[in-house]
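Residues per chain, in single letters:
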Amino acid sequence: QSAGTIAALRVEEQIVGRFYYRLPNAESCADVLDRVANFLDSLLAEGSAIETFDTCLLVTHGLTIRLLLMEILQWSVRTFETGYNPGN
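Analysis parameters
- Residues numbered from 1 in each chain as written.
- Predicted model: local features only at pLDDT ≥ 70, side-chain atom pairs only at ≥ 80, totals over all residues.
- Heavy atoms only, no water.
- Helix = DSSP H or I, 4+ residues; strand = E, 2+ residues; numbered from the N terminus.
- Expected span 1.5 Å × (residues − 1).
- Buried < 20%, exposed > 50% of the residue type's maximum accessible area, 1.4 Å probe, protein only.
- Arc of directions from axis to C-beta.
- Contact = heavy atoms within 4.5 Å.
- Salt bridge = Lys/Arg side-chain N within 4 Å of Asp/Glu carboxyl O.

1. A word on helix α2 (residues 29-44)
Here is step 1 of the chain: Across its 16 residues, α2 extends 22 Å between first and last C-alpha, which sits within 8% of the 22 Å expected from 1.5 Å per residue.
Here is step 2 of the chain: Those residues of α2 that sit buried are Cys-29, Ala-30, Val-32, Leu-33, Val-36, Ala-37, Leu-40 and Leu-43. Seen from one end, α2 has its buried residues packed into an arc of 145 degrees, which puts them on one side. Facing away from the buried surface of α2 by more than 90 degrees, the exposed residues are Asp-34, Asn-38 and Asp-41.
Here is step 3 of the chain: Looking at the buried positions of α2, the neighbouring elements they touch are α3 (62-73) and α4 (77-81).

2. Focus: the pattern of salt bridges
Here is step 1 of the chain: What the rule picks out here adds up to three salt bridges.
Here is step 2 of the chain: In this structure, the salt-bridge partner of Arg-22 is Asp-31, at a minimum N-O distance of 2.8 Å.
Here is step 3 of the chain: Residue class for Arg-22 comes out partly exposed when judged on its relative accessible area of 47%.

This is how it looks when you write it as structure tokens:
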């Protein structure tokens, strides 16, 4: 992608907001949150494996970690947008 295209996408993102903005052929944070919430619901559902074990380890990407925190801690979109992904 050209620098001009990237700059135009960033302007669009600022108008829409990082949480709701969807790059071409990609998901928005809101899209990923839907999947994260469904995963968390199934993980914690009655009769799930979590009832059998005391510990659960999730290995994932920074965005997914932040979205899990958003779901668990009931962050607003505004709160979510104040943070960035943790470094490696």
